[in-house]
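# Overview (structure and organization)
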Amino acid sequence: MNHIKFQSDRELDLIAVGRLGIDLNPNEINRPLEESITFTRYVGGSPANIAVATSRLDLKTGFIGRVADDQFGTYITNYLKENNIDTNGIVVDKSGAKTGLAFTEVKSPSECSLIMYRNNAVDLKIEPEDISEEYIKKSKAILISGTALAASPSREAVFVALEYARKHGVVVFFDIDYRPYTWKSEAETAVYYSLAAEKSDVIIGTREEFDTIEHLTSPETKDDFVTAKHWFDYNAKIVIIKHGKEGSYAYTDEGDKVKGVVFPVVPLKTFGAGDSYAGALIYGLINDFNIAKAMEFGAASASIVITTNSCSASMPTVGQIEDFIATAKKE
Ligand SMILES: Nc1ncnc2c1ncn2[C@@H]1O[C@H](COP(=O)(O)OP(=O)(O)OP(=O)(O)O)[C@@H](O)[C@H]1O
Ligand SMILES: O=C(O)C[C@@H](O)[C@H](O)C(=O)CO
């Protein structure tokens with residue numbers, strides 16, 4: 001049991017809002033990007049990865065976003081459909097904007113980075129008019145991804161989605177998803193992240209991401225409890241602060257603090273941990289798991305995904321996560 005109230009009469013469980021992109025992951029790993037020659041293409045973008053994760057976990061998942069009017073746009077939409085994601089909220093952009101690309105680098109399992117190509121990125125072209133109140137109110141929850149706040153008109157579109165969600169009792173998950181190169185200044189970032197976090201029920205981010213939000217109001221804060229408590233004065237019911245392989249902490253507006261377990265693995269790369277964690281955590285919360293169990297699901301999913309060379313393509317099923325946890329507990 002957890003204390004988040006999801007409306008039971010909804011057609012969809014989750015609608016993710018924001019970035020649909022492409023990841024190009026090097027096939028030759030453990031070397032710098034300049035020495036990588038061949039790449040495999042995957043659907044990427046943090047909210048897209050989370051949507052694939054929740055759909056693989058049998059949550060009825062939809063997506064609101066824009067794709068380019070070209071072959072990559074078609075590839076992304078088809079991939080979502082193949083993964084049973086409802087694409088009725090996806091608009092084909094006619095402005096000539098292009099799909100954002102992320103070239104990942106795996107120098108070693110612990111030294112991962114990415115180079116993003118995001119000039120005129122189509123995901124930031126989503127318009128407030130693309131957000132349908134009827135569609136949002138069909139869902140138990142929405143997931144907002146912070147990068148969508150980086151520029152107009154996407155920023156306004158997110159706030160319209162938040163407005164409809166609050167009006168219709170749709171639970172708001174907010175993954176901070178801070179990508180510095182998408183923003184103009186730290187002040188701009190802090191302002192818009194704060195406005196969105198104030199309207200969110202569950203806020204998920206790393207320690208560094210919360211520091212980014214707080215840098216104007218309380219630059220000295222580095223304490224998880226102080227950070228979490230701030231958001232309980234608004235709408236937050238759960239604040240999750242992630243600390244990489246050290247695990248994560250959940251704080252609740254009821255005064256609980258839960259330490260999430262970690263499943264130690266030898267990673268192939270570390271990116272994808274956050275998205276798989278979020279997808280499985282959301283699955284757990286919507287299925288009324290207690291918070292510790294939902295975090296355990298998230299951690300297991302992350303451990304599975306970081307041992308592979310992809311994010312979206314490796315998102316596990318419920319059975320795979322359960323088997324992984326059972327095996328880990330025996331060892
Ligand atoms: N090296 C690791 N080994 C085992 N589990 C890990 C490791 N790294 C991350 N995790 C799991 O994934 C969860 C989320 O990871 P993390 O805190 O790195 O998020 P993130 O920074 O958003 O990830 P990403 O690298 O995808 O941006 C952690 O709480 C932990 O359960
Ligand atoms: O979010 C992105 O645009 C890139 C992701 O798809 C990428 O694989 C990653 O960073 C996952 O953490």
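Calculation rules
- Residues numbered from 1 in each chain as written.
- Chains lettered and ligands numbered in written order.
- Predicted model: local features only at pLDDT ≥ 70, side-chain atom pairs only at ≥ 80, totals over all residues.
- Helix = DSSP H or I, 4+ residues; strand = E, 2+ residues; numbered from the N terminus.
- Rg over C-alpha atoms; globule rule 2.2 N^0.38 Å.
- Buried ≥ 20, exposed ≤ 12 C-beta atoms within 10 Å, placed from the backbone.
- Contact = placed C-beta atoms within 7 Å.
- Near = placed C-beta within 6 Å.
- Nonpolar A, V, L, I, M, F, W, Y, C, P; charged D, E, K, R; others polar.
- UniProt positions renumbered as here; feature names shortened; annotations may be inferred.
- Right-handed = clockwise from strand over helix to strand, strands pointing away.
- Pairing = 2+ DSSP bridges.
- Axes fitted to C-alpha atoms, helices over the stretch in contact; angles between N-to-C directions.
- pLDDT = per-residue confidence, 0-100.
- Arc of directions from axis to C-beta.
- Core = buried A, V, L, I, M, F, W, Y, C linked by C-beta atoms within 7 Å.
- Left-handed = near helix turned anticlockwise from the far one by under 90°.

## Focus: the overall build of the chain
Looking only at helices and strands, the chain features ten helices and 13 strands. For 331 residues, the compact-globule estimate of 2.2 N^0.38 gives 20 Å, and the C-alpha radius of gyration of the chain, at 18 Å, lies within 12% of that figure. Projected onto its principal axes, the C-alpha positions of the chain cover 50 × 50 × 40 Å. Residues counted as buried form 50% of the 331 residues belonging to the chain. Within the chain, contacts between residues separated by at least 24 positions form 73% of all contacts whose residues are at least 6 apart in sequence.

## Quick notes on the site of ligand 2
Close to ligand 2 lie 14 residues, the nearest being Gly 44, Gly 45, Ser 46, Ala 102 and Phe 271. At the level of elements, strand S2 (21–26), helix H1 (46–56) and helix H8 (273–286) are the ones that each hand at least two residues to the shell around ligand 2. Looking at the shell around ligand 2, its residues break down into four nonpolar, seven polar and three charged.

## Quick notes on the UniProt feature "domain: Carbohydrate kinase PfkB" (unreviewed entry) in the chain
UniProt's entry tags residues 14–317 with the feature "domain: Carbohydrate kinase PfkB" (unreviewed entry), counted in the numbering of this structure. Regarding residues 14–317, the helix share stands at 33% and the strand share at 25%, and the terminal C-alpha atoms are separated by 17 Å.

## A closer look at the pairing of strand S8 (residues 139–145)
Taken across its seven residues, S8 has seven buried, putting it largely inside the fold. A crossover connection joins S8 to the parallel strand S9 (residues 171–175) through helix H4 (residues 154–167); in handedness this β-α-β unit is right-handed.

## Observations concerning the sheet that holds strand S5 (residues 86–93)
Ordered in space as S5-S4-S1-S8-S9-S10-S11-S12-S13, the nine strands form an open sheet in which the pairing is mixed. Since the sheet does not close on itself, it has two edges, and those belong to S5 and strand S13 (257–259), each with one partner. Pairwise comparison of adjacent strand axes, ignoring direction, gives a mean angle of 15 degrees for this sheet. Relative to the sheet, H4 contacts strand S1 (12–17), strand S4 (61–68), S8 and S9, its axis offset from that of S8 by approximately 155 degrees. Where helix H7 (residues 224–232) meets the sheet, it contacts strand S10 (202–206), strand S11 (238–242) and strand S12 (248–252), and its direction lies at approximately 150 degrees from that of S11.

## Here's the deal with the site of ligand 1
Among the 24 residues in the neighbourhood of ligand 1, the closest are listed as Lys 242, Lys 245, Gly 274, Ala 299 and Ala 302. When residues of the shell around ligand 1 are traced back to their parent elements, those giving at least two are H8 and helix H9 (291–305). Ranked by residues supplied to the shell around ligand 1, first place goes to H8 with four residues. For the shell around ligand 1, the class distribution of residues is eleven nonpolar, ten polar and three charged.

## Some remarks on the sheet that holds S2
In spatial order, the strands read S3-S2-S6-S7; together these four strands make up an open sheet with mixed pairing. The open sheet has two edge strands with one neighbour each: strand S3 (39–44) and strand S7 (111–117). Each strand axis lies, on average, 25 degrees off the axis of its neighbour in the sheet, ignoring direction. Pairing analysis gives seven bridges linking strand S6 (residues 101–108) to S7, with the strands arranged antiparallel. Bridge assignment links Ser 108 to a residue of S7, and that residue is Glu 111.

## Here we look at the confidence of the model for the chain
In the predicted model, the chain carries a mean pLDDT of 96, and 100% of its residues have values of at least 70. For this predicted complex, the interface score ipTM comes out at 0.98, while the overall pTM is 0.98.

## Focus on unusual backbone geometry
For the bond running from Ser 152 to Pro 153, omega is 0 degrees, close enough to zero to count as cis. Considering the arrangement of structural elements, one finds Pro 153 in the loop between S8 and H4. For Asn 30, which is not glycine, the phi torsion reads 60 degrees and is therefore positive. Of note, Asn 30 is situated in the loop between S2 and S3. Backbone geometry places Asn 120, a non-glycine residue, at a positive phi of 55 degrees. Relative to the elements of secondary structure, Asn 120 occurs in the loop between S7 and helix H3 (133–136).

## Some remarks on helix H6 (residues 207–214)
Three- or four-residue spacings in an α-helix give side chains the same orientation, since the helix completes a turn every 3.6 residues. Within the span of H6, buried status applies to Glu 209, Phe 210, Ile 213 and Glu 214. Buried residues of H6, seen end-on, are gathered within an arc of 135 degrees and therefore sit on one face of the element. Summarising the contacts, the buried residues of H6 are in contact with helix H5 (186–198), S10, H7 and S11.

## What to know about the nonpolar core
Core analysis: the largest hydrophobic core is formed by 95 residues, its most contacted members being Val 17, Ile 142, Ile 144 and Ala 161. When sequence neighbours within four positions are dropped, the list of residues in contact with Ile 142 reads Ile 15, Val 17, Ile 136, Ala 161, Ala 165, Val 170 and Val 172.

## Side note on the packing of H8 against H9
As a packed pair, H8 and H9 sit with axes 7 Å apart at the nearest point and diverge in direction by 145 degrees. Where H8 crosses over H9, the handedness of that crossing is right-handed. Together, Ala 273, Ser 276, Tyr 277, Ala 278, Gly 279, Ala 280, Leu 281, Tyr 283, Gly 284 and Leu 285 of H8 and Lys 293, Ala 294, Met 295, Phe 297, Gly 298, Ala 299, Ala 300, Ser 301, Ala 302 and Val 305 of H9 make up the contact between the two elements. Tallied by class, residues from the contact of H8 with H9 come to 14 nonpolar, five polar and one charged.

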